[in-house]
Amino acid sequence: EAGMEKYENRFYLWHVYFANPYEWWDNRKNKLYPGAPDFKHKSTGEALWLDPKDPPWVKKQLQRIDSMMEERGSRDLGSLSRVSTWVYDE
């Protein structure tokens, strides 16, 4: 049962990622160490790793997002954030 919960949670997180990819750090190209997560949520810290056993829809969605980023000239999904940068008055 614990294995199934982990499996379901993983796919839930993929849905969360694809719904709002700008809320996640994409670490695929700049991992600090090989076991580091491929994606990490900017505020909750939840992590996702790519796995060869992922269903085909995960890879297809990632390709779609990657090509969208290439068209915009950036691989940094953070630049798409709808959250504005705070400016502090001193």
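Figured I'd write up the structure that's included with this text. Note that the structure is predicted; figures quoted are calculated from it, not measured. (Residues numbered from 1 in each chain as written. Predicted model: local features only at pLDDT ≥ 70, side-chain atom pairs only at ≥ 80, totals over all residues. Heavy atoms only, no water.)

Moving on, we get to the side chain of Asp54. Along the chain, the position of Asp54 falls in the loop between strand 3 (47–48) and helix 2 (56–72). A polar side-chain atom of Asp54 sits 2.4 Å from a polar atom in the side chain of Arg10. When near neighbours in sequence (up to four residues on either side) are disregarded, Asp54 contacts Arg10, Trp14 and Trp49. (Helix = DSSP H or I, 4+ residues; strand = E, 2+ residues; numbered from the N terminus. Polar contact = N/O pair within 3.5 Å; in protein donor to acceptor, adjacent residues only side chain to side chain. Contact = heavy atoms within 4.5 Å.)

Below, the discussion takes up the packing of aromatic side chains. Here the structure, examined in full by the defined rule, presents eight aromatic pairs. Relative to Phe39, the ring of Trp14 lies with its centre 5.7 Å away and its plane at 75 degrees, an arrangement referred to as edge-to-face. Taken together, the positions of Trp14 in helix 1 (residues 2–19) and Phe39 in strand 2 (residues 39–41) put the pair 25 residues apart, joining distant regions of the chain. Judged by centre distance (6.2 Å) and plane angle (65 degrees), the ring pair of Phe18 and Trp57 falls under edge-to-face. (Phe/Tyr/Trp six-rings, centres within 6.5 Å; stacked < 30°, edge-to-face > 60°.)

Let's shift gears to helix 2. Across its 17 residues, helix 2 extends 25 Å between first and last C-alpha, which sits within 8% of the 24 Å expected from 1.5 Å per residue. Downstream of helix 2 by one or two residues, Gly73 has phi in the positive range, about 80 degrees. (Expected span 1.5 Å × (residues − 1).)

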